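A look at the structure
Listed here are the chains, written in short residue letters.
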Amino acid sequence: MSFQEAQRLLLLMNVEMDQDYALSLFQAADVSQSDTLEGEEFVQFYKALTKRTEVEQLFENFSLDGQKLTLLEFVDFLREEQKEKDHAPDLALEFIDRYEPSENGRLLHVLSKDGFLSYLCSKDGNIFNPDCLRVYQDMTRPLNHYYINSSHNTYLLRNQLCGQSSVEGYIRALKRGCRCVEVDVWDGPGGEPIVYHGHTLTSRILFKDVVATLAQYAFQSSDYPLILSLENHCTWEQQHTLAQHLTEILGEQLLSTTIDGLLMDKLPSPEQLRGKILVKGKKSRTIEDVEVEEEEEEELVADQESELDPDPELDTQLQPESQELASENKDNKVVSCLLSCLLICGHVLAQAPSSIPESIFLSDQDSTTILCPDLSALVVYLRTVPFCSFTHSKENYHICDISSFSETKARNLIKEAGNAFVQHNARQLCRVYPSGLRTDSSNYHPQELWNAGCQMVAMNMQTAGSAMDICDGFFRQNGGSGYVLKPEFLCDIQSSFNPEKPISPYKAKILLIQVISGQRLPKVDNTKEKSIVDPLVKVELFGVPEDTKQQETSSVENNGFNPYWGQTFCFRVRVPELAILRFVVKDYNRKSRNNFIGQYTLPWTCVKQGYRHIPLLSRDGTSLHPASIFVYTCMREDLEIDES
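Values in this document were obtained by computation on a predicted structure and should not be read as measured data.

Rules and cut-offs
Residues numbered from 1 in each chain as written. Predicted model: local features only at pLDDT ≥ 70, side-chain atom pairs only at ≥ 80, totals over all residues. Heavy atoms only, no water. Helix = DSSP H or I, 4+ residues; strand = E, 2+ residues; numbered from the N terminus. Buried < 20%, exposed > 50% of the residue type's maximum accessible area, 1.4 Å probe, protein only. Contact = heavy atoms within 4.5 Å. Areas by Shrake-Rupley, 256 points an atom, 1.4 Å probe, with all protein chains shown as cover. Core = buried A, V, L, I, M, F, W, Y, C linked by side-chain atoms within 4.5 Å. Pairing = 2+ DSSP bridges.

Another point: the overall build of the protein chain. Each helix and strand counted, the protein chain has 19 helices and 22 strands in total. By the burial criterion, 53% of the 644 residues in the protein chain qualify as buried. Within the protein chain, counting contacts between residues at least 6 apart in sequence, those at least 24 apart form 72% of the total. On the protein chain, roughly 29000 Å² of surface is accessible, and the fraction owed to carbon and sulfur atoms is 51%.

Here's what the structure looks like:
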């Protein structure tokens, strides 16, 4: 390899290095002085390029001779910096045996520089606590004590106006740990119910194909219960077909009766429902109940109609990352609505009058449609009921009843009666779904709703972005089971917690984060060989309103290979039990919005302190290995400091 070829390699590796410095590295490696690098010479050149000065300095701070870490020195590092406390001696032996490349080093229980770097870059040096990657929480509590990974319009692969419906949507959602899927069912031809987004141009799929997909994939990623949120728009005859398909295809997987010996005074636990699919839907009621329900549903319709009015507080309720997307989302929604109108008009005009689908002109099916007893019987623990008020729910609804809220309705309730909403969610389940204005299948940020204890915060999982990053990062804990235990103050039916004016039962904490360096960041534009990124790191903290903050580093010019920042940020967190951290790496662009490079999101409760590497993920959540950033984190309790 000639020097010119080496320079081109540097560009491909996303680093623009000073020519004189690059030449000095090249000449130092060219031991044969042939003006080319061969074999071992290239290895030395690459080692010089990938030298981690910040790691070597850290190593030398704990090594007496600067060449190795003795067992005691490594124990000191693990205890003092990595906060491993009493586990440090055992972990030191384990890590040396696992990461030290030299057999002699392993025998002598010492760690070389290479072994130290291997440890820091390994899963044991990851910022996500490995103990949280398994199911570590109590799974014997009632269902309403858990956040449940939930999907909205699960059958859609794109937008909710003219997107494709496919069983692939269910497969993708289930593989990423989703435990509540939505199925919108309507009367179909030939007596077979179909699934699609009603009164739109989305494609149709057979209900029985959806059920067969659930039977196959329901428990591949998690064996904890799967909830089937059934939006039933079918006539009596096809409801009978729905019940028949559910019973015959799901078989033993379908929960069709109460658990033996369990009183209906509380919901069963995820542990008790392992391997079971639960139907959430309407259930037949008495004549007196129907009269009450009709009054409630009139109010529910009024709430849904108010969804069509723009929310003046929407922009102020967005979290930091979504602030910059707000104007773009508004434009997208306007364009999406206009396009949908054009599409529908074009679709109508292109057809003969006799073949124009009536669904384009019809409103939702009459809510008084008679329920088929066979289908009603399959709703055991999750009977959907309209929401009237928190007082009404407490006095009239059973522990197994569940109400759904639009995001706007839920937000308003949090602002108007935050503590009452918390107590409601401590008593029974609730589901929140995206506003009907989100025709582009965009997402709200789930954090505000989790703060109030809302269990099933349904997401458009087909739409990538910061909201899905938060959802995926949050549910990565507890073994990716799709169930995360809520904090105790959100499980107490007499809780005094108000997410708008939070007083945590625990002490506030201080989080220090030093963003040190980056490694092998990908190019934003792979089509341009000479396009080198100017990376910066934004650290976002999500939680209760006053904990939600963000800070960012300066950018490093023309270096995506090994940029160095060395900047420290301080966050004071009042309710750490609800906090979520998101690290976003962007390519600085002074003329336009900074371009996304990668991100990583995790709950506060899963953060490992000390010197840690953060593996970066792409916009759709896939790994960007070996891209990472290197940080130092430290948590301190109850310190009153000047945040400036």
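Now, onward.
Residue His 625 is joined to Pro 626 through a cis peptide bond whose omega torsion reads 10°. Its identity is not glycine, yet Gln 33 carries a phi of approximately 55°, on the positive side. Note on placement: Gln 33 falls in the loop between α2 (19-29) and α3 (40-49). The residue Asn 153 is not glycine, and still its phi comes out positive at about 45°.

In this section: helix α5 (residues 71-80). Looking at α5, one finds that the buried residues are Glu 73, Phe 74, Val 75, Phe 77 and Leu 78. Next to the buried residues of α5 lie α4 (53-62), β1 (68-69), α6 (88-99), β2 (111-112), α8 (113-120) and β21 (610-617).

This brings us to the nonpolar core. Judged by nonpolar contacts, the single largest core of 68 residues is most densely connected at Val 183, Val 195, Phe 207, Leu 246, Phe 421 and Trp 450. One finds Val 533, Val 585, Trp 604 and Met 635 within the second-largest nonpolar core, a separate group that totals 33 residues.

The next thing to look at is the pairing of strand β8 (residues 226-232). Extensive coverage of β8 is indicated by the burial of 5 of its 7 residues. Here strand β5 (residues 180-186) runs beside β8; their pairing, made up of 6 bridges, is parallel. Bridge pairing in β8 places Val 181 opposite Leu 228. Sheet topology places β8 next to strand β9 (residues 277-281); 4 bridges connect them, and they run parallel. Bridging from a neighbouring strand, Ile 227 pairs with Leu 278 of β9.

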